[in-house]
Each structure stands twice: as structure tokens, then as C-alpha cells.
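Tertiary structure, described
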Amino acid sequence: LMFPKGTRLEKANLQNGTIAFAMRPGGPSCILFLHGLGCSKESFIDAFTHPYFDATVTLLAPDFLGHGDSDRNVAYSYDLQSQAELIRELLDRLGIVQIAIVAHSMANVVGLALAQIDLEILGFYSLEGNLIAQDCTLSARVAKNAERQFVEKIYPLTKEKFVGKVDIDVPS
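Described in the following lines is the structure provided in the data block. Note that this is a predicted model, so its numbers are computed, not measured.

Focus on the overall build of the protein
Counting its regular elements, the protein contains five helices and six strands. When the helices and strands of the protein are listed from N to C terminus, the series reads β-β-β-α-β-α-β-α-β-α-α. Within the protein, counting contacts between residues at least 6 apart in sequence, those at least 24 apart form 61% of the total.

In C-alpha cells, the structure reads:
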């Protein structure tokens, strides 16, 4: 799947790294799509093609730092509050102040942090639980590990778990 014609696929150089994003410019109101752990902006391609979201609204789907086409900064903490601060920096850079947040999984915590900042929030839509950091038990445990450990150890164990071969114990 690909984003439809008219979608801008860009990158923004921000304070802690480069964030990739998909944006379909429209009106002053923006629907901000925030993905979950292990996902990317491509999780929301269908929204960019759906006729419900007409040209009167801007659509924006960024990749969190460390996800999708965004940078992987080894010095970055990757905690959810820091991700929210980067998304806020992106919104500032794009001149967006009016948003409706659509958040998946751990991104709900990021979205709620954004809602505490001086933005005009038009709505908040949670696609899957995790409204506080404590709800993100598995996501938070996975995110604390280095990328190499995740790729070499945790992902293979998780994959085996989901096909029913072993129990999984993700390091805290």
C-alpha cells in the first residue's frame, strides 16, 4: 500500500532527530494520527484514502523517533513524554494548532501528553486502550531495550509466542 497522490511524504529535522511524516494539506484543522509500538505512519494509509476525510481538513501521520522512516538516535530516551515533545515540535514547525488526535496503543499516552500542551484539541480518539503509561506494560518493557536486543532476542521470542511455541519473558 502507498499513500495517495497529493500526500506529502517529508522529513523534519528537529532538536533530537529527524521525523518522517505523511501530510495531506487541507484546512486549518488537522487530524493527527499517532501509531503504536512497532508501527509507523503507514498504519493510517486507509485514512488518507477514505472519502470521509475531505480536503477541508489536514491529515498528518508522523513516525515516532525510532519508528518507520524516522531517525534512530542512540542518545534519545524514547520515553513517551519525549515523543510527545517531538510531535509538538513538529506541529509548531508546520504551524498546526488545531488538532483532533487519533491514537493507537501506546500513542494514547503521547496524545494525552499533547493534550496538556497549549493546543486547540478538537477531539481525542483512542483506537486501543493504554491511556496511562502503566497500561503500556509490554510496550514499555520492550521500549526499554536497545534496538539490537529487540531485533536479536525479543522479536524472535515474541514471534514464537504468537505461533504458540514458547512462553515469553521480556526483560524489564
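Describing the environment of Pro28
You can see Pro28 is positioned in the loop between strand S2 (17–24) and strand S3 (29–34). By relative accessible area, which is 69% here, Pro28 ends up exposed. Linking Pro28 and Val57, residues 29 residues apart in sequence, is a C-alpha distance of 6.7 Å.

A short note on helix H2 (residues 80–94)
Over its 15 residues, H2 extends 21 Å from the first C-alpha to the last, a length consistent with the 21 Å expected when each residue adds 1.5 Å. Looking at H2, one finds that the buried residues are Leu80, Ser82, Gln83, Ala84, Leu86, Ile87, Arg88, Leu90 and Leu91. Packing partners of the buried residues in H2 comprise strand S1 (8–14), S2, S3, strand S4 (58–62), strand S5 (98–103) and helix H3 (107–115). Near the N-terminus of H2, the side chain that reaches the backbone nitrogen of Gln81, with its oxygen 3.2 Å away, is that of Asp79. Downstream of H2 by a residue or two, Gly95 has a phi angle that is positive, lying close to 75 degrees.

Here's the deal with the nonpolar core
With 29 residues, the main nonpolar core has Leu32, Leu34, Leu60, Leu91, Ile99 and Leu114 as its most contacted residues. When contributions to this core are tallied by element, the ones reaching two or more residues are S1, S2, S3, H2, S5 and H3. Ranked by the residues each element gives to this core, the list is headed by H2, at six residues. If we ignore the near neighbours within four places in the chain, the residues touching Leu60 are Phe21, Ala22, Met23, Cys30, Ile31, Leu32, Phe33, Phe48, Leu91, Leu94 and Ile96.

Points about H3
Owing to its 3.6 residues per turn, the α-helix aligns residues three or four sequence positions apart on the same side. Among the nine residues that make up H3, seven are buried, leaving the element largely enclosed by the rest of the structure. Its buried side turned inward, H3 meets S3, H2, S5 and strand S6 (120–126).

Some points on the sheet that holds S3
Read from one edge to the other, the open sheet built from six strands follows the order S1-S2-S4-S3-S5-S6, with strand pairing classed as mixed. Edge positions in the sheet fall to S1 and S6, since each of these pairs with one other strand and no more. Put simply, the sheet's adjacent strands are angled 25 degrees from each other on average, direction ignored. Sheet analysis places S3 next to S4, joined by three bridges and oriented parallel. When the bridges of S4 are listed, Cys30 appears paired with Thr58. The sheet contacts of H2 involve S1, S2, S3, S4 and S5, and relative to S1 the element is tilted by about 110 degrees. Across the sheet, H3 touches S3, S5 and S6, and the angle it forms with S6 is around 165 degrees.

Conventions we followed
- Residues numbered from 1 in each chain as written.
- Predicted model: local features only at pLDDT ≥ 70, side-chain atom pairs only at ≥ 80, totals over all residues.
- Heavy atoms only, no water.
- Helix = DSSP H or I, 4+ residues; strand = E, 2+ residues; numbered from the N terminus.
- Contact = heavy atoms within 4.5 Å.
- Buried < 20%, exposed > 50% of the residue type's maximum accessible area, 1.4 Å probe, protein only.
- Expected span 1.5 Å × (residues − 1).
- Polar contact = N/O pair within 3.5 Å; in protein donor to acceptor, adjacent residues only side chain to side chain.
- Core = buried A, V, L, I, M, F, W, Y, C linked by side-chain atoms within 4.5 Å.
- Pairing = 2+ DSSP bridges.
- Axes fitted to C-alpha atoms, helices over the stretch in contact; angles between N-to-C directions.

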